[in-house]
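Listed below are the residues making up each chain.
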Amino acid sequence: IVYIILILMSIIWLIPFFCIFCESFRVECTYQVGYVWPKQWGFDNYINLFTQTNFGIWLRNTFITAVIVAVLQTIFVLAMSYGLSRLRFKGRKPLMNVMLILGMFPGFLTLILLYKLLSSWGLAGSNAMWGLIIVYVASSGMGYYVSKGFFDTISKSLDEAARVDGATRFQIFYKVIIPLSKPIIIYTILTAFMAPWGDFVFASYMAHGDKNGMNVAVGLQNLISTPSSLTNNYTMFCAGGIIVALPVTILFMFLQKYYVEGVTGGAVKG
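Residues numbered from 1 in each chain as written. Predicted model: local features only at pLDDT ≥ 70, side-chain atom pairs only at ≥ 80, totals over all residues. Heavy atoms only, no water.

Undergrad: So, the packing of helix α7 (residues 145-152) against helix α10 (residues 182-198): which residues are in play, and what are the values?
TA: Their axes nearest at 10 Å, the elements α7 and α10 cross at an angle of 175°. Here α7 is positioned roughly antiparallel relative to α10, judged by the angle of their axes. Taken together, the residues of α10 that come into contact with α7 (itself represented by Val146, Ser147 and Phe150) are Pro183, Ile184, Tyr187 and Thr188. Partitioned by chemical class, the residues of the contact of α7 with α10 number 5 nonpolar, 2 polar and no charged. (Axes fitted to C-alpha atoms, helices over the stretch in contact; angles between N-to-C directions. Helix = DSSP H or I, 4+ residues; strand = E, 2+ residues; numbered from the N terminus. Parallel < 35°, antiparallel > 145°, perpendicular 65-115°, else oblique. Contact = heavy atoms within 4.5 Å. Nonpolar A, V, L, I, M, F, W, Y, C, P; charged D, E, K, R; others polar.)

Undergrad: Provide a residue-level description of α10, including the pertinent values.
TA: Its 17 residues place the ends of α10 24 Å apart at the C-alpha level, agreeing with the 24 Å of an ideal helix rising 1.5 Å per residue. Listed as buried for α10 are Pro183, Ile184, Ile185, Ile186, Tyr187, Thr188, Leu190, Ala192, Phe193, Pro196 and Trp197. (Expected span 1.5 Å × (residues − 1). Buried < 20%, exposed > 50% of the residue type's maximum accessible area, 1.4 Å probe, protein only.)

Undergrad: Report on the confidence of the model for the protein, specifying residues and quantitative values.
TA: If pLDDT is low for a region, its predicted coordinates should not be looked at in detail. Mean pLDDT for the protein: 85, with 95% of residues reaching 70 or above. Per-residue pLDDT, averaged within each element of the protein, yields its smallest value for helix α13 (residues 227-266) (79) and its largest for helix α1 (residues 2-24) (91). (pLDDT = per-residue confidence, 0-100.)

Undergrad: Quick rundown of helix α2 (residues 44-51)? Include the residues and the values.
TA: An α-helix turns once per 3.6 residues; consequently, residues spaced three or four apart project the same way. Restricting attention to buried positions, one finds in α2 the residues Asn45, Tyr46 and Leu49. Along the long axis of α2, the arc covered by the buried residues comes to 100°, so they all point the same way. Every exposed residue of α2 that faces more than 90 degrees away from the buried side is listed here: Ile47 and Thr51. (Arc of directions from axis to C-beta.)

Undergrad: Please set out the side chain of threonine 65 residue by residue, giving values where relevant.
TA: Positionally, threonine 65 belongs in helix α3 (residues 55-86). Polar side-chain contacts of threonine 65 include one of 2.7 Å to the backbone oxygen of asparagine 61. The residues contacting threonine 65, other than those within four sequence positions of it, are Met129, Leu132, Ile133, Tyr136 and Pro196. (Polar contact = N/O pair within 3.5 Å; in protein donor to acceptor, adjacent residues only side chain to side chain.)

Undergrad: So, the packing of α3 against helix α6 (residues 128-138): which residues are in play, and what are the values?
TA: Packing of α3 against α6 leaves a shortest axis separation of 9 Å and a crossing angle of 25°. Between α3 and α6, the angle falls in the class roughly parallel. Pair α3 / α6 crosses with right-handed handedness. Between α3, through Asn61, Ile64, Thr65, Ile68, Val69, Leu72, Gln73 and Phe76, and α6, the contact on the second element is made entirely by Met129, Trp130, Leu132, Ile133, Tyr136 and Val137. (Left-handed = near helix turned anticlockwise from the far one by under 90°.)

Undergrad: Before we move on, can you summarise the packing of aromatic side chains with the specific residues and values?
TA: Scanning all chains against the criterion turns up 17 aromatic pairs. Ring geometry for tryptophan 13 and phenylalanine 17: centres 5.1 Å apart, planes at 50°, overall tilted. With tryptophan 13 and phenylalanine 17 both in helix α1, this residue pair falls 4 residues apart, about one helical turn. We classify tryptophan 13 as exposed; its relative accessible area is 56%. We classify phenylalanine 17 as partly exposed; its relative accessible area is 44%. Three or more aromatic residues joined by ring pairs make a cluster, and in this case those are Phe18, Phe21, Phe25, Trp37, Trp41, Phe43 and Tyr46. (Phe/Tyr/Trp six-rings, centres within 6.5 Å; stacked < 30°, edge-to-face > 60°.)

Listed below in structure tokens is the structure:
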């Protein structure tokens, strides 16, 4: 009975994605219709998306932002998590509590301030990508919770043995802990990659209507922002949604084992 319920829930959950997939290949018209299965199939929407819009620029901006943020944020999160898990120093508990409290405030409270600041540095509009990278990475160390929980499960005797052999803290972290932390590293990379890949609110504010500074989420929304553009670009919008979803779907399919291990391994009291 449980499996039947789960299968039914999965089918219901997949229906919208199936509809978008079919719409992306419909070429007999570009507007919304009352049926799902296209009368005429083709790749026109995908071709027009790259030739008639700035989708290539949006995709490039999003990819570069997501990759840089994933690399830097992973380094900062793992370093912060290891330090809080292994080191005992004055102010450690207050620091963790402060970061926990700050994390409860929604990020959009600082939208205006961040935009004014980054705009004065020339990091908004067409250069919004670099401003977004700075903001995404700046507070990444505050997301240490899951990674710290994972490091807490690794025996401290390994650190002590390495210290006896003359290893430094960095050598212990790089040569002992990191090789044992593949699940949490992959989990951190995936979550760090997902945030800028699907961000809309802050990316829209930073781009400020400049099409060269938009990411895919903002650019695709811009395609259907008016009734006339919705009529002319709806099928292209669906094609863009399929392209955007594809890389993340492939990543999760191949790395879901490590993703689950990272979540469950970090879900311990530290």
